[in-house]
Amino acid sequence: MAKLLLLLFLFSFGAAPSCSTTVGVRVELSHVDSQRDLTKLDLLKRAAERVMTSGSNVQSTVDVQTQLYAGGGSFLMELAIGTPTLSYSAIMDTGSDLIWTQCQPCLRCFSQLTPLYDPSRSSTYATLPCNASQCLSLPSFTRTCAPPASDCSYDYTYGDNSSTDGVLGTETFTFGSVAVSEVAFGCSNNNNGNFDNSSGSGIVGMGRGNLSLVSQLGDGRFSYCLTSYGDNKTSPLLLGAMATLSEQAQSTPFVANPPSFPSYYYLSLHGITVGDTELPIPNTTFSMTSNGTGGLVIDSGTTVTMLVDPAYAELKRAFESQMNLSAADGSAYGYDICFAYGGEAVQVPRLVFHFEGADMDLPPENYIVVDSSVALLCVVVVRSNLTLSIFGNFQQQNMHVLYDLAGGTLSFEAAQCDQL
């Protein structure tokens, strides 16, 4: 395995503040490619090739905790489905709503590390008809049935053109020791695109729509803390009253969603600083337009932050003028803010995102990657090929992030995620 260096090893940082929690149940998160013999630049190359963008019947508020781990440029959560239970993992995605897993019988399924879920073997599975409220919560262009057809079928497509087809139903899901009945989910038997066994067995949508897990559990509140890429460590995903931060956390309001994109978590980004220089970015760069395009969203399912021009062009210009290294070609890894690196200790400019009411001052390991085997140092931000900008999960490493849908805010603070 090629030796991979992060500036985390070149600089020392103080201990992250502790985060308080209340009594509840936990789920752990993990990273898929953390078990593979890939350098961090290899992982990020894979990630740069992906752009994951994309009325429940469940009882009242449920507090849940599970585990997360890193994998394939995303973070996976552990959960179980059915009666009897079948344990599996799935991508935790704040950029979409649908919860789905691969199902028997499967027409086209990607390889996964656990057995396929077979609804015929579960005593708690039920299909949903086309006129069910949960079916009507699917975007109309994804529904492939119409009342009075018996089963609610869907064709759900993501921003990288990956898609999943299947039938919407309800099932009991178990998170740690907590079982939640009648969760609406997709039983998918035809899946295409950027899925493989690093994707677990499907996706758990955590967006703002009715079908997301956070909406179905009723509290409208959750937090996650993402470990560093390559650490092979887990960290918690907390839903409900367990999701809390310390008094030192900063908060920024969500921006109201346009009707065309009801699932995303939009934030108001006022500016970006590189080193001591606030970039000369026009005020309208991260604003939403009257037709619902533009803006900036935070997305756990997108790996690398993507900025529209002119913000990206200004970011690139600032790093190239402030880094005391020669520019180099990183296009083989999908990045073009790269420098020749010979292993020497270097000082990199600080990178700060100025959100409304909150400044996120990133540590170098959240935006710099160094691979000594190819003598490259790269800034892990890319130009957006979409009409909007995305704040990805690489920039959220070792950051405890809380989504409060009822309060309309996103809060965050630095943390040592594997110790929460």
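Here, every reference points to the structure presented above.
What this report covers is the structure whose coordinates are included nearby. Since the model is a prediction, treat every value here as computed from it, not as a measurement.

How each quantity is defined
- Residues numbered from 1 in each chain as written.
- Predicted model: local features only at pLDDT ≥ 70, side-chain atom pairs only at ≥ 80, totals over all residues.
- Heavy atoms only, no water.
- Pairing = 2+ DSSP bridges.
- Helix = DSSP H or I, 4+ residues; strand = E, 2+ residues; numbered from the N terminus.
- Contact = heavy atoms within 4.5 Å.
- Axes fitted to C-alpha atoms, helices over the stretch in contact; angles between N-to-C directions.
- Buried < 20%, exposed > 50% of the residue type's maximum accessible area, 1.4 Å probe, protein only.
- Core = buried A, V, L, I, M, F, W, Y, C linked by side-chain atoms within 4.5 Å.
- Salt bridge = Lys/Arg side-chain N within 4 Å of Asp/Glu carboxyl O.
- Disulfide = S-S within 2.5 Å.

Some points on the sheet that holds strand β23 (residues 358–362)
Sheet architecture is open: four strands sit in the order β17-β16-β22-β23, paired in antiparallel fashion. Unpaired on one side and paired on the other, β17 (277–278) and β23 mark the two borders of the sheet. Sheet analysis places strand β16 (residues 269–274) next to strand β22 (residues 351–355), joined by five bridges and oriented antiparallel. Following the sheet pairing, Val274 is matched in β22 by Leu351. Contacts from helix α4 (residues 311–322) reach β16, β17 and β22 within the one sheet, and its direction differs from that of β16 by about 20°.

With respect to the pairing of β22
Here β22 lies mainly inside the structure; five of its five residues are buried. Taking every second residue as pointing to the same face, both faces of β22 are buried, with Leu351, Phe353 and Phe355 on one and Val352 and His354 on the other. Across five bridges, β22 lies against β23 in antiparallel orientation. Bridge pairing links His354 to Asp359 in β23.

Some details on the nonpolar core
In terms of nonpolar packing, the biggest core is built from 91 residues, with Phe222, Tyr224, Ile272, Leu315, Phe319 and Tyr403 touching the most fellow members. Look past the residues within four positions of Phe319 in its chain and what remains in contact with it is Val274, Ile337, Phe339, Pro349, Leu351, Tyr367 and Val379. Listed in part, the 21 residues of the second largest apolar core include Leu76, Leu138, Tyr156 and Ala184.

A few points about the pattern of salt bridges
Under the criterion given, the structure shown has seven salt bridges. Of the charged contacts in the structure, one is a salt bridge between Asp309 and Arg383, with a shortest N-O distance of 2.7 Å. Placement of the pair is Asp309 in the loop between β19 (305–307) and α4 and Arg383 in strand β26 (residues 381–383), with a sequence separation of 74 residues. A relative accessible area of 40% places Asp309 in the partly exposed class. What makes Arg383 partly exposed here is its relative accessible area of 38%. The salt bridge involving Arg350 is made with Asp361; its shortest N-O contact spans 2.7 Å. With Arg350 in the loop between β21 (338–340) and β22 and Asp361 in strand β23, this residue pair connects regions lying 11 residues apart in the sequence.

Quick notes on the pairing of strand β29 (residues 409–414)
Both strand β14 (residues 250–255) and β29 contribute to a ladder of four bridges, which runs antiparallel. Of the residues in β29, the one forming a bridge with Pro253 is Thr409. Bridge count between strand β28 (residues 399–404) and β29: six bridges; the pairing is antiparallel. Paired with Tyr403 across the two strands is Leu410, which belongs to β29.

Digging into the state of the cysteines
By definition, a disulfide links the sulfur atoms of two cysteines through a covalent bond. One pass over the full model with this rule turns up six disulfides. Disulfide pairing places Cys103 opposite Cys187 at an S-S distance of 2.1 Å. On the sign convention where negative means left-handed, the S-S torsion of about -125° between Cys103 and Cys187 marks this disulfide as left-handed. With Cys103 in the loop between β6 (99–102) and β7 (126–127) and Cys187 in strand β10 (residues 178–192), the pair connects residues that are 84 residues apart, well separated along the chain. For the pair Cys103 and Cys187, a shared accessibility class is recorded, and that class is buried. A sulfur-sulfur separation of 2.0 Å characterises the disulfide bridge that pairs Cys225 with Cys417. Sign of the S-S torsion, about -70° for the bond between Cys225 and Cys417, identifies this disulfide as left-handed. In this pair, Cys225 sits in strand β12 (residues 221–225) while Cys417 sits in the segment after β29, placing the two residues 192 residues apart along the sequence. Summarising the burial analysis for this pair, Cys225 and Cys417 share the class buried.

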